[in-house]
Structures are given as structure tokens and as C-alpha cells.
Amino acid sequence: MKIGILKELQKGENRVSLSPFITKKLIEKGFEIFVEKNAGKNSLYKDEDFIEAGAKITSREKVFETAQVLIKINPFNEEDLKLVHKRHILMSQLFHKSSPKLIKAISEKGATAFSMDAMPRISRAQDMDVLSSQNNLAGYKAVILGAYKMTKIFPLMMTAAGTITPSKVLIYGVGVAGLQAIATAKRLGAVVEATDIRTETKEQTESLGAKFISVENNNEESEGGYAKEASEDYVKRQKEAVNKSLFEADLVITTANIPGKKAPTLITKEQVDQMKNGAVIIDIAADQGGNCELSVLNDTIIHNGVKVVGTSISLLSVSTNASELYAKNIYNFIIHLTEDLNFKWDLEEEITNETLIVQDGVQRKK
Ligand code: NAD
């Protein structure tokens, strides 16, 4: 089976979907790997590293021409689709619930597409779960970026010249990214608080030594471990519960998402007006519409002395580690889907069924 690795062309993206280490492992299993020239450059993988692992380096066009399976991290786009054929099997994140046009375009090509972000959140799929592997690293990087943007340090520091009090960090959304952000901020010595619409996250927050901010009478439901859109009443009560901490915070990290929907607006301009001069907001959900009303993707807005940094999982990626982990997820997925170098197409099996979005031009999932 011929597998093609495409360079990620999205602005600010430094990752690549396969590492030389995993390339070697796939080749040992009998797969042939074709890598677009310079695909790994921004993850510090040289073309020579891939060649040493047994892959062939070629042009983008040739990768499309030669490979049957095409692998990326970011969704295939219009330019990519010009080169996609019926025989291609695409593997990338597709965010199919919020990208109906893309899914229609893939279907019209008669191609087949698996979406890595549609991986079911079940134990046996954990080693193929790219949302977890990537969000975890982004949660770490969000804190580091915040620390860099702040004019204060995180820990309590007693010096001869006086005592520096610890910074206060507030985290919205205690999913994979939020949990890692809590752990990282705690390790750096900050006083950390967090909130989430899912009540089960209270225990997870506290187990990391942070304080959980509960919203009174929270009857909001979740589905398969994911949050649903909050009611207006909840949003109001959340503000009442969180505002005191928000107005005192030195760093706020927002990670709240609802699959297939715009990210919820949790911090309005009026709230930012009441925040401390010099506070920093790192909004990881800026590519999904943002958790802060003022966020602009890939930009920093200064409002009332507060820096609002609009970013995303992709922009925060720590490219070498993120590529390594994405590649391991892809390896486990390919091994899971194939037998003797052929796809099994076992649609009764949950992982295959959930991730296979388009099959031979037929859209299976909305
Ligand atoms: P996500 O990126 O979809 O959302 C991040 C967080 O934002 C979630 O915790 C969500 O509850 C929260 N949120 C949404 N709306 C909010 C609001 N209005 N106010 C406050 N918070 C809000 O989440 P994720 O990181 O992908 O994790 C989703 C779930 O999947 C979690 O339960 C996680 O533990 C679970 N998970 C399971 C596995 C597995 O079993 N294999 C792997 C990874 C994650």
C-alpha cells in the first residue's frame, strides 16, 4: 500500500503528520511511504531523515499521483481537492460536523475519507486519539505563551528586596487542554482556579491541586463526555460565579468547545473592561469563534490594558512533539484498519464506523 505524506500549508502550522521514526515502522510492516519535499522541515525532520527511514521524497503533485492513502493533519482544502481522485483514501482531521461543504466536495470526487477528529472517546481508541495528543500539548504551550506575555512571574518568591506574590491563573474548560494547562500553571507555582460546564471535571481539577469554581444549580447535560450548548440562564450564573476570579486573574486561559458548534462566548467586552490592567487572556478557541468576544485569530488585541491573544491548537502546537504523537496516532490507526496491507472495511467495528465519513463518494456521516 502506498502512503503519501503532504506538507501542511496552513499559515502558522509547523507540524507534519508522520515522523521518520514512524515512517520506518510502517516500512518494516511493508507499507511504501512517499513524503512531500520539506514536509517535516518545521518539525526539525529533514528530508534525509525520511530517506534514511526508507521513504521516497517527491513533489506534492507526485505524492497525489503515486499514493493511494493521503495523510495530513489539517483538513484537505480546495487546492488539495483539485488533485484528489476517486481512488484516494484521505486521512486528516476534517471536523465534518462543521464543514459540510468540504465533505460534499470530497464526496463529489468519489474519494474516501477518514476523519481523525471523529475518533470515538473509548479506551481502545486512546492511542489513535489526535484530539487528546494535540490538545494536551497545546494546553501546556498556552501557559508558556501566557507566561511570556505577562509582566509578572508565576511563583511566590521571597527575596531580600521583598516578597513577590504568586500569579492567579483562571482556566475555562477542563477538557484535555484545560487539564494540562492547570497542571502546567501549578507546576510553575501559580494559584490556579478552573471552571467547566461538566460537573465531573470538579474532581479532576481538584486532583491537580486547583480550585474548581462551581456554577449554582448546574443542570446542563453532556453527551458522550462532550459538553452541549449552555442555556442562557447557565451563562448568566456562570458569570456570577466566575467574575470575582476573572477580575483578579493575571492570566486567563480559555479552552471551551462544543463539537460541531461555534465556541461559546464566555468572556464579553464588558467583563474585559473590569479585568486587571496587564492581565492576559490566551483564547485557544479563537479558530472556533473564540471564548472571548474580543479575540482575533492569530492576533493580540489590547483592550483596557488587557492582552487578548487569539490562538488555536494548531498555532500553539509544539511541532516536534506534536508531530511525533500525531504520527503514532496515525500508525496505530492504519494498523487497526488494515490486514496484510489491505483495508478491512469492517463497518461493524466502532472505530472504523465512526471515523469513516465518506466511502467511495458516499457521505456516511453528517
Ligand atoms: P473539548 O475540546 O470539546 O472542550 C473543552 C472543554 O470545554 C470541555 O471540558 C467542555 O466541557 C468545556 N466547555 C464547553 N462549553 C463550556 C461552557 N459553556 N463553559 C465552560 N466549559 C465549557 O473537550 P475535550 O478536551 O475534547 O474533552 C471532551 C471529553 O472527552 C472529556 O470528557 C474528556 O475527558 C474526554 N476524553 C476521553 C478520552 C477517552 O476516553 N479516550 C480521551 C480524551 C478525552
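Here is a short report on the structure shown in this document. If you're wondering where the values come from, they're calculated on a predicted model, not measured in any experiment.

## A look at the overall build of the chain
Then comes step 1: Per the secondary structure count, the chain includes twelve helices and 21 strands.
Then comes step 2: A compact globule built from 366 residues would reach a C-alpha radius of gyration of about 21 Å, and the chain, at 22 Å, matches this within 12%.
Then comes step 3: The 366 residues of the chain split such that 46% are buried.
Then comes step 4: If you take every contact in the chain between residues at least 6 apart in sequence, the share linking residues at least 24 apart comes to 66%.

## Observations concerning helix α9 (residues 232-248)
Then comes step 1: Taking 1.5 Å per residue, 17 residues should reach 24 Å; α9 reaches 24 Å between its end C-alpha atoms and fits that length.
Then comes step 2: For α9, the principal kink sits at V242 and spans about 50 degrees.
Then comes step 3: Along α9, the positions that sit buried rather than exposed are Q238, V242 and L246.
Then comes step 4: Residues of α9 that are buried make contact with β9 (168-172), β10 (191-195), β14 (251-254) and α10 (269-273).

## A word on unusual backbone geometry
Then comes step 1: Backbone geometry at F95 places phi at a positive 45 degrees, although glycine is not the residue there.
Then comes step 2: Along the polypeptide, F95 turns up in the loop between β5 (89-92) and α5 (100-109).
Then comes step 3: A positive phi is found at W345, a non-glycine position, where the angle reads about 50 degrees.
Then comes step 4: Residue position: W345 is located in the loop between β19 (342-343) and α12 (350-355).
Then comes step 5: W345 sits in the exposed class, given 12 other C-beta atoms within 10 Å.

## Let's talk about the site of the ligand
Then comes step 1: The environment of the ligand is made up of 32 residues, and the closest members are G173, G175, G225, A227 and A256.
Then comes step 2: Elements that contribute at least two residues to the shell around the ligand include exactly α6 (130-149), α7 (176-187) and β13 (226-227).
Then comes step 3: Mapped onto the domain boundaries, the shell around the ligand takes at least three residues apiece from domain 1 (2-128 + 319-359) and domain 2 (150-312).

Procedures and definitions
- Residues numbered from 1 in each chain as written.
- Predicted model: local features only at pLDDT ≥ 70, side-chain atom pairs only at ≥ 80, totals over all residues.
- Helix = DSSP H or I, 4+ residues; strand = E, 2+ residues; numbered from the N terminus.
- Rg over C-alpha atoms; globule rule 2.2 N^0.38 Å.
- Buried ≥ 20, exposed ≤ 12 C-beta atoms within 10 Å, placed from the backbone.
- Contact = placed C-beta atoms within 7 Å.
- Expected span 1.5 Å × (residues − 1).
- Bend = angle between axes of the 7 residues up to and from the residue.
- Near = placed C-beta within 6 Å.
- Domains from an automatic or database assignment.

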